Amino acid sequence: MTPLTNVLLALAAAAGQAIAYSGDMTYYAPGLGACGKQNSDADHIVALATAQYGNDANPNKAKVCGRKINIHYGGKTATATVVDKCPSCASGSIDVSPAVFKQLASLDKGRVKVTWEYASGSAAEEEI
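Residues numbered from 1 in each chain as written. Predicted model: local features only at pLDDT ≥ 70, side-chain atom pairs only at ≥ 80, totals over all residues. Heavy atoms only, no water.

(A) Representation of the pairing of strand β3 (residues 68-73) in the model. In this sheet, strand β4 (residues 76-86) lies alongside β3 in antiparallel orientation, the contact comprising 6 bridges. Each residue of the ladder has a partner; that of His72, found in β4, is Thr77. Here β3 folds back onto β4 in antiparallel fashion, the turn holding 2 residues, of which Gly74 has a positive phi close to 55 degrees. Bridge count between β3 and strand β6 (residues 111-118): 4 bridges; the pairing is antiparallel. Following the sheet pairing, His72 is matched in β6 by Thr115. (Pairing = 2+ DSSP bridges. Helix = DSSP H or I, 4+ residues; strand = E, 2+ residues; numbered from the N terminus.)

Below, the structure is given as structure tokens:
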């Protein structure tokens, strides 16, 4: 490959990782998530909408399980690990643990509009 081709491929890969999503953020009481792990209110976790989580035959093995996302609201950023699927969430919307929600807004808000993206370097095999 030519040096220009290498640069273009690198830029395309970087651009693919920078896709931002937007939607509602709500919070829920975690338990056994679709990724097969038990979690609590204090864990920094997130459930993705089906459009982002996918429809894997075995949801425990979904490619998004264990990936980290950065969530932005009101000039603040929180990081959470994907451990669950939110079937009732619209595409781009997320459901987070109370610990994550409290980092960005007070729980009494219940639902806020956020943007989020996958954290750079986030690998599916990372642990919480």
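Following the structure, the description resumes.
(B) The environment of Ala119, seen in detail. Its place among the elements puts Ala119 in the segment after β6. For Ala119, a relative accessible area of 13% translates into the label buried. For the pair formed by Ala119 and Thr79, sequence separation is 40 residues and the distance between their alpha carbons is 8.0 Å. (Buried < 20%, exposed > 50% of the residue type's maximum accessible area, 1.4 Å probe, protein only.)

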